[in-house]
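# Observations on the model geometry
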Amino acid sequence: MSESPPTAPVCYRHPGRETYVRCTRCDRPICPDCMREASVGHQCPECVNEGRRSVRPARTAFGGGTAGRQGYVTKALIALNLLLMLLSIASDRGGDAAVGGSGFGGLMGGSTPLTNWGSVLGLAFLPDGTVGGIAEGQWYRLVTAMFLHYGVIHLLLNMWALWVLGRSLEASLGRVRFAALYLIAGFGGNVAAYLFSAQNASTAGASTAIFGLFAALLIIERKMGRDVSQIIPVLVINLVFTLAVPGISIPGHLGGLVVGALMALVLAYAPRGRRTLVQVAGAAIILLVLLALAFFRSAALLG
């Protein structure tokens, strides 16, 4: 009785295809459609995917993901500010939201129902005759104010600065850390405006966060051993502009600068072994201190 000839091995994914090539990791037969180039020989699709999962994703020097190089957070922040500017103009029903009104020779635009609702305001009578402000429980103003602007010129100046500073910092820090820096710096600047401005003075604008980005860029670039000589003159010009031009919130800009610097120090100098833990704890402490200061200010205004 004759023996049957040995059968050729077939691809484990395509049983109808004979093959004599095997995966160098799992030794299963693979056809040309399933072959994936490897450092030695070929691998099957499952082994390639398993290898990718076992490789740690690339990180920046400060622990962030490399996806920050695409600038998605910077672009999203700009889009949000633009959207709220359109809503602000729409809420004004043909008023002076875009140009005209008060501030910098009338080019900064005036207040609108939306800015009246969301700007930093301690305690005052609102246009509808009611009493409002942060001291009255409108804590959202400490956040919303950093996304509202008094006119298109005001908006464009801040968005240009955000585009220049944001992409560089987001690439260095990663998306999450950059977003935390921006929001905490803006929040800190708004808290400073609340603390040191007249209770009936309203302020708004992304510049509280922008000044924080200026300070952060100096610290991050120095930490990475890069030249910062071109950044300092631009920051000095903006500080002079802040102090010299009427109608600009000096406490808001300086507060954003200081809080942005503190947050950048936490992000840049957290020890490598416990980097994320220290960064999260540092951010939480900064936020708690800012909230405590805002609570004390509210108590003083209501007392």
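Up top you'll find the structure we're talking about.
Presented here is a report on the structure given in the accompanying data block.

Assigned secondary structure in the chain consists of 10 helices and 6 strands. Residues classed as buried in the chain amount to 46% of the 303 residues present. Put simply, of all contacts in the chain between residues at least 6 apart along the chain, 62% involve residues at least 24 apart. Surface exposure of the chain reaches about 16,000 Å², of which carbon and sulfur atoms provide 63%.

Moving on to the packing of helix 6 (residues 175–196) against helix 7 (residues 207–223). Between two packed helices, the angle of one axis relative to the other and the distance separating the axes together describe the packing. As a packed pair, helix 6 and helix 7 sit with axes 7 Å apart at the nearest point and diverge in direction by 125°. Between helix 6 and helix 7, the crossing angle belongs to the class labelled oblique. Regarding helix 6 and helix 7, the two cross each other, and that crossing is right-handed. Within the contact between the two elements, helix 6 uses Phe 178, Leu 181, Tyr 182, Ala 185, Gly 186, Gly 189 and Asn 190 and helix 7 uses Thr 208, Ala 209, Gly 212, Leu 213 and Ala 216.

Another aspect to go through is a nonpolar patch on the surface. Together, Val 258, Leu 262, Leu 265 and Tyr 269 give the surface a local cluster of nonpolar side chains, amounting to about 370 Å² of exposed area. Within the fold, Tyr 269 resides in helix 9 (residues 250–269).

Before going further, it helps to spend a moment on the packing of aromatic side chains. Per the stated rule, a full pass over the model turns up 4 aromatic pairs. Plain terms: the ring middles of Trp 117 and Tyr 140 are 4.7 Å apart, the flat faces sit at 20° to each other, and that makes the pair stacked. In this pair, Trp 117 is assigned in helix 3 (residues 113–118) and Tyr 140 in the loop between strand 5 (131–132) and helix 4 (141–144), connecting sequence segments 23 residues apart. A residue is classified by how much of its surface remains accessible, and Trp 117, at 43% relative accessible area, is partly exposed. Ring centres 6.5 Å apart and planes at 50° place the aromatic pair Phe 178 and Tyr 182 in the tilted group.

This brings us to helix 5 (residues 152–173). Taking 1.5 Å of rise per residue, the 22 residues of helix 5 would be expected to cover 32 Å, and the 30 Å separating its terminal C-alpha atoms lies within 8% of that figure. Along helix 5, the largest kink reaches about 30° and is centred on Gly 166. Every buried residue of helix 5 is listed here: His 154, Leu 155, Asn 158, Met 159, Ala 161, Leu 162, Leu 165, Gly 166, Leu 169, Glu 170, Ser 172 and Leu 173. Looking one or two residues beyond helix 5, the residue adopting positive phi is Gly 174, at roughly 90°.

This part is about the side chain of Thr 74. Considering the arrangement of structural elements, one finds Thr 74 in helix 2 (residues 72–91). With a relative accessible area of 0%, Thr 74 lands in the buried category. Leaving out residues up to four positions away in the same chain, Thr 74 has contacts with Leu 162, Trp 163, Gly 166, Arg 167, Glu 170 and Phe 178.

Cut-off values and rules
- Residues numbered from 1 in each chain as written.
- Predicted model: local features only at pLDDT ≥ 70, side-chain atom pairs only at ≥ 80, totals over all residues.
- Heavy atoms only, no water.
- Helix = DSSP H or I, 4+ residues; strand = E, 2+ residues; numbered from the N terminus.
- Buried < 20%, exposed > 50% of the residue type's maximum accessible area, 1.4 Å probe, protein only.
- Contact = heavy atoms within 4.5 Å.
- Areas by Shrake-Rupley, 256 points an atom, 1.4 Å probe, with all protein chains shown as cover.
- Axes fitted to C-alpha atoms, helices over the stretch in contact; angles between N-to-C directions.
- Parallel < 35°, antiparallel > 145°, perpendicular 65-115°, else oblique.
- Left-handed = near helix turned anticlockwise from the far one by under 90°.
- Patch = residues over 30% accessible without salt bridge, like charges linked within 9 Å, V, L, I, M, F, W, Y side chains within 5 Å.
- Salt bridge = Lys/Arg side-chain N within 4 Å of Asp/Glu carboxyl O.
- Phe/Tyr/Trp six-rings, centres within 6.5 Å; stacked < 30°, edge-to-face > 60°.
- Expected span 1.5 Å × (residues − 1).
- Bend = angle between axes of the 7 residues up to and from the residue.

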